[in-house]
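Survey of secondary and tertiary structure
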Amino acid sequence: MSVRLKLRDIAFFERPVHFARPFRFGAITINATPQLFVRVEIEVEGKGVAVGASAELLVPKWFDKRPELSPAQTVDGLRRSLEIARGLYLARTGFQAAFDLHASCIGAQIATCAKKNIPALAAAYGPAEIDKAILDALLRATATNFFDGMNGNIAGIDARLSPDLKDADLTTFLAGRKPLPRVAIRHTVGLDDTVEGRGGVADAHENAGAGHFKLKLSGDPAADAARLARISGELDTLGRDYRVTLDANEQYADLAALHALIDRLDREPALRSMSSRLLYIEQPMPRDITRRTPLGSLAARGFIIDEADDSYDAFPAARALGYRGISSKSCKGLYKSIVNAARAAKWSASGEKFFVTGEDLTCQAGLAVQHDLALGAFIGVTHAERNGHHYVDGFGETPVAEAAAFAAAHPDLYADAGQGIRLSIHDGDLLTGSLHGAGFATSVHPDWSALRPLEQPKSLQENLA
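Residues numbered from 1 in each chain as written. Predicted model: local features only at pLDDT ≥ 70, side-chain atom pairs only at ≥ 80, totals over all residues. Heavy atoms only, no water.

Our next topic: the overall build of the protein. Of regular secondary structure, the protein possesses 17 helices and 16 strands. Expected size for 465 residues packed as a compact globule is a radius of gyration near 23 Å; at 21 Å, the protein falls within 12% of this value. Each of the three principal axes of the protein carries a C-alpha extent, and together these read 65 × 50 × 50 Å. Expressed as a percentage of the 465 residues in the protein, the buried residues total 60%. Long-range contacts, defined as pairs at least 24 residues apart, comprise 76% of the intrachain contacts of the protein with a sequence gap of at least 6. By element, 52% of the accessible surface of the protein is carried by carbon and sulfur atoms, the whole surface being about 16,500 Å². Charge-centre separation for the protein: the mean point of 52 positive side chains lies 3 Å from the mean point of 57 negative side chains. (Helix = DSSP H or I, 4+ residues; strand = E, 2+ residues; numbered from the N terminus. Rg over C-alpha atoms; globule rule 2.2 N^0.38 Å. Buried < 20%, exposed > 50% of the residue type's maximum accessible area, 1.4 Å probe, protein only. Contact = heavy atoms within 4.5 Å. Areas by Shrake-Rupley, 256 points an atom, 1.4 Å probe, with all protein chains shown as cover. Lys, Arg positive; Asp, Glu negative; His and termini not counted. Charge placed at Lys NZ, Arg CZ, Asp CG, Glu CD.)

It is the contact of helix H1 (residues 71-90) with helix H4 (residues 125-141), at a shortest axis distance of 7 Å, that shows an interaxial angle of 55°. By the angle class used here, H1 and H4 are oblique. For the crossing formed where H1 meets H4, the hand is right-handed. Along the contact surface, H1 presents Leu78, Ser81, Leu82, Ala85, Arg86 and Tyr89, while H4 presents Tyr125, Gly126, Pro127, Glu129, Ile130, Asp131 and Ile134. (Axes fitted to C-alpha atoms, helices over the stretch in contact; angles between N-to-C directions. Parallel < 35°, antiparallel > 145°, perpendicular 65-115°, else oblique. Left-handed = near helix turned anticlockwise from the far one by under 90°.)

Here we come to the state of the cysteines. Summed over all chains, the structure comprises zero disulfides. With no disulfide of its own, Cys113 lies closest to Cys105 among cysteine sulfurs, the gap being 12 Å. Cysteine Cys363 shares no disulfide, and the gap to the nearest cysteine sulfur, in Cys331, comes to 6.8 Å. (Disulfide = S-S within 2.5 Å.)

The next subject is helix H14 (residues 367-379). For an α-helix, the turn length of 3.6 residues means that residues three or four places apart are oriented alike. Between the first and last C-alpha of H14 there are 18 Å, a value that for 13 residues agrees with the 18 Å anticipated at 1.5 Å per step. The buried count for H14 comes to 13 of 13 residues, which makes it a mostly enclosed element. Where H14 ends, the next residue or the one after it, Gly380, has phi of about 100°, a positive value. (Expected span 1.5 Å × (residues − 1).)

Before going further, it helps to spend a moment on the side chain of Ser424. Mapped onto the elements, Ser424 comes out in the loop between strand E14 (421-423) and strand E15 (429-431). Polar side-chain contacts of Ser424 include one of 3.4 Å to the side chain of His426. Ser424 has contacts with Asp412, Leu413, Tyr414, Ala415, Asp429 and Leu430, leaving out every residue within four places of it along the chain. (Polar contact = N/O pair within 3.5 Å; in protein donor to acceptor, adjacent residues only side chain to side chain.)

Within the secondary structure layout, Glu402 lies in helix H16 (residues 400-409). Along the chain, Glu402 and Ala114 lie 288 residues apart, while their C-alpha atoms are 38 Å from each other. If near-sequence neighbours (up to four positions away) are discounted, Glu402 is found in contact with Arg15, Pro446 and Asp447. Of the polar contacts made by the side chain of Glu402, one reaches the backbone nitrogen of Asp447; its length is 3.0 Å.

If you want it as structure tokens, here you go:
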């Protein structure tokens, strides 16, 4: 049963994050970017006041990849998305369910952002981060953990934004979820990452014992095939079974280029081993081309959308084009992930396989990784891309005392093996046991005094002037 709340305040903060190594995906290489923190204060009907928090990197050139914009300008677009969402959410007065608040604001958010030259995927970032913090506060106020709260639909999720479903489809899906006790990491191999030797894909210190690997593609079929053959040769030396996924981050120009890659996967002996272990291919073509291009015979390979997932109707539209899956990222919206997981379960009941995957925009140790891990464990994501543990040095610029507090509260997730507190990976898996405390998968909040206020964004019209 949902519990009603009233928003009292929303505040934004940020902290710099410097990467331990460059992360190249698609057309962008990231060496540093700010991490956003959201703090909300709510009043819960009959329960009093509570504070909730969320966090996520402000990732450049992913939500908005327009070539005329610099990386900094696309981060400004995310900041603007947050400010617009804050105004819309705080304008909603009176007590209502958490999902009521989301559903009543998301349409206006997309429309207002469009007028400010902010595309839908970036527009959804603001509500996504506010929603996570609100849910954290709601669960704290009711002394409920995330998994039990979502089983009982504490947020009041219904089908108003997904008319292809019934309210009962969602409540039945939520009530039947049993959270996974462990989720395998899927180790990312970026386009600039080492392949062979020390620090390469088969280096146990580098891959943390992973049995799943996510391999970035450049969009050049010949170059990608050659690099995949090198990676396959290394992975075959692991001495254990493994699975791979491929992610082009919109770099394949069209179906012809994609056919060329698949032909190589099907034909070349050096790719035979990897091809047999390939689970799916993620977002190969640009989002605008994706929306108007049926996959045809390629659909048999198993494709998912990610950057093209910018609305509640994106998954049904992609299904009609031959796609079988869609990514879950908490930065795109936890409610949309849950709705899409319910869709996949309903559609799969007829015999075809549809699925939701766990992808990661470098969720950092602390709030971001815990929220995303809990969401995936709840909806049944058995393996999830995890980047923060090898692209960032532990907790990065987080104060030592704050990192220690997270480690003490979540000892199954973090440990100090002599190089500072880092994500603790157990035989290639992350454990979810300590995520069952009251609140949204965290017993700890950031040290708010150690954060700086969110930098004021310029409008994209100013940036383009």
